[in-house]
Amino acid sequence: MAATIISGKQISEEIRHDIKQEVDKMKAQGFQPGLAVVLVGEDPASHVYVRNKEKACHDLGYYSEVHRLSADTSQEELLAMVHKLNNQENIHGILVQLPLPKQIEEKAIIDAISPEKDVDGFHPINVGNLVIGDDSLLPCTPAGVIEMIKRTGIEMSGKHAVVIGRSNIVGKPVSLLLQRENATVTMCHSRTTNMKELARQADILVVAIGRANFVDASYIKPGAVVIDVGMNRLDNGKLAGDVDFESAKEVSGPITPVPGGVGPMTITMLMQNTLVAARRAYG
Ligand code: GUN
């Protein structure tokens, strides 16, 4: 039986529609969410991501600032920029695009962003609140994964979720969010010895290991939900997920494609976080 395709593009459009309605209302009351994006250097992929964020701000009616700094920017200069944005009243969200050039320590920059404006959800205060289960700004990709599962009508409570990958940006936070939804979570990573055996027990399989087409049908229990967070550029220029979609969809239940799956959700959740931060700032 053909698997259902979970369209992140479509879900994303639905959420953006709701965001736009709220922003229009806010603007009628004289308020406007504001997002600042800071990009250091010439990484071509980062420039594309930042342009997409700028476009999303424009489409949804946010105030937006993009600061493109040269590759030789010092840590002090970038910190000064972050401090300035922390104090700027019309900015509710700050995102410093990663990776940063090697003369700049990423942690020093993330720690300097005001937690109330940390729309990436990377600041230790927000990470700590996520672990505790308190209100916090959630990292965008993991929040997007959970939102997609919810909006597809898939029950997480009591299900066995297996997460492949333990990065700070995806694997760790997504496993915490799945637990928050009352799933039983197993985490696998590069040193897991029986990964296939564990993956085959998953009702919900989230793959974020950063290796093109790593998971094929042999990792998947028939009917399992498969969420592919991978974005790998192949030698032929094509984009591939961490899941071999063609093989996986023959056994899986609902499954996300790449592109058009988790990818579009990430920027949408960034916009959602900026709206949440703006709401809090305006009280
Ligand atoms: N680079 C790739 N993904 C991300 C992200 O989610 N946030 C930031 N700040 N940089 C990134």
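Residues numbered from 1 in each chain as written. Predicted model: local features only at pLDDT ≥ 70, side-chain atom pairs only at ≥ 80, totals over all residues.

Taking the numbering used here, the UniProt-annotated feature "domain: Tetrahydrofolate dehydrogenase/cyclohydrolase NAD(P)-binding" (unreviewed entry) corresponds to residues 139-280. Regarding residues 139-280, the helix share stands at 35% and the strand share at 15%, and the terminal C-alpha atoms are separated by 17 Å. (UniProt positions renumbered as here; feature names shortened; annotations may be inferred. Helix = DSSP H or I, 4+ residues; strand = E, 2+ residues; numbered from the N terminus.)

On to the packing of helix 1 (residues 8-28) against helix 10 (residues 262-282). When two helices pack together, their arrangement is captured by the angle between the axes and the distance separating the axes. Running from amino to carboxyl end, helix 1 crosses helix 10 at an angle of 15°, the nearest separation of the two axes being 8 Å. Taken together, the axes of helix 1 and helix 10 lie roughly parallel to each other. When you trace helix 1 past helix 10, the crossing you get is left-handed. For the pair formed by helix 1 and helix 10, the contact residues are G8, K9, I11, S12, I15, R16, I19, E22 and V23 on the first element and V262, G263, P264, M265, T268, M271, Q272 and L275 on the second. (Axes fitted to C-alpha atoms, helices over the stretch in contact; angles between N-to-C directions. Parallel < 35°, antiparallel > 145°, perpendicular 65-115°, else oblique. Left-handed = near helix turned anticlockwise from the far one by under 90°. Contact = placed C-beta atoms within 7 Å.)

Let's shift gears to the site of the ligand. In the vicinity of the ligand, the residues found are L95, V96, Q97, L98, D120 and C140. For the shell around the ligand, the class distribution of residues is four nonpolar, one polar and one charged. (Near = placed C-beta within 6 Å. Nonpolar A, V, L, I, M, F, W, Y, C, P; charged D, E, K, R; others polar.)

As a further point, take the UniProt feature "binding site: NADP(+)" (unreviewed entry) in the protein. Sequence positions flagged by UniProt for "binding site: NADP(+)" (unreviewed entry) are, in local numbering, G165, R166 and S167. Mapped onto the secondary structure, R166 falls in the loop between strand 4 (160-164) and helix 7 (171-180). Leaving out residues up to four positions away in the same chain, R166 has contacts with G171, K172, M187 and H189. Within the secondary structure, S167 is located in the loop between strand 4 and helix 7. For S167, a count of 15 C-beta atoms within 10 Å gives the class partly exposed. Those residues in contact with S167 that lie beyond four places of it in its chain are K172 and A208. (Buried ≥ 20, exposed ≤ 12 C-beta atoms within 10 Å, placed from the backbone.)

On to the sheet that holds strand 3 (residues 93-96). Read from one edge to the other, the open sheet built from three strands follows the order 2-1-3, with strand pairing classed as parallel. Across the chains shown, the open sheet's two edge strands, defined by having one partner strand only, are strand 2 (63-69) and strand 3. Each adjacent strand pair in this sheet contributes to an overall mean axis angle of 10°, direction not counted. Bridge count between strand 1 (residues 34-40) and strand 2: seven bridges; the pairing is parallel. In the strand pairing of strand 2, L39 is matched with R68. Together, strand 1 and strand 2 form the strand contacts of helix 2 (residues 44-60), whose direction differs from that of strand 1 by roughly 165°. (Pairing = 2+ DSSP bridges.)

By domain assignment, the protein separates into domain 1 (31-120) and domain 2 (140-262). With centres defined by C-alpha atoms, the gap from domain 1 to domain 2 works out at 29 Å. (Domains from an automatic or database assignment.)

Once that is clear, we can look at the confidence of the model for the protein. In this model, the protein carries a mean pLDDT of 97, and residues with pLDDT of at least 70 account for 100%. If you check the scores for this complex, the pTM reads 0.97 and the ipTM reads 0.97. (pLDDT = per-residue confidence, 0-100.)

L98 connects to P99 through a cis peptide bond whose omega is 0°. The step from V258 to P259 runs through a cis peptide bond, and the omega angle for that step is 0°. Here P259 is to be found in the loop between helix 9 (245-248) and helix 10. Of note in the backbone geometry, N182 takes a positive phi value of approximately 70° without being a glycine. Mapped onto the secondary structure, N182 falls in the loop between helix 7 and strand 5 (184-188).

Once that is clear, we can look at the nonpolar core. In a soluble, globular protein the nonpolar side chains are often hidden away together inside. Counting 80 residues, the largest nonpolar core has A161, L205 and V206 as the members making the most contacts within it. In terms of residue count, the dominant contributor to this core is helix 10 (eight residues). Looking at which domains feed residues into this core, each of domain 1 (31-120) and domain 2 (140-262) supplies at least three. (Core = buried A, V, L, I, M, F, W, Y, C linked by C-beta atoms within 7 Å.)

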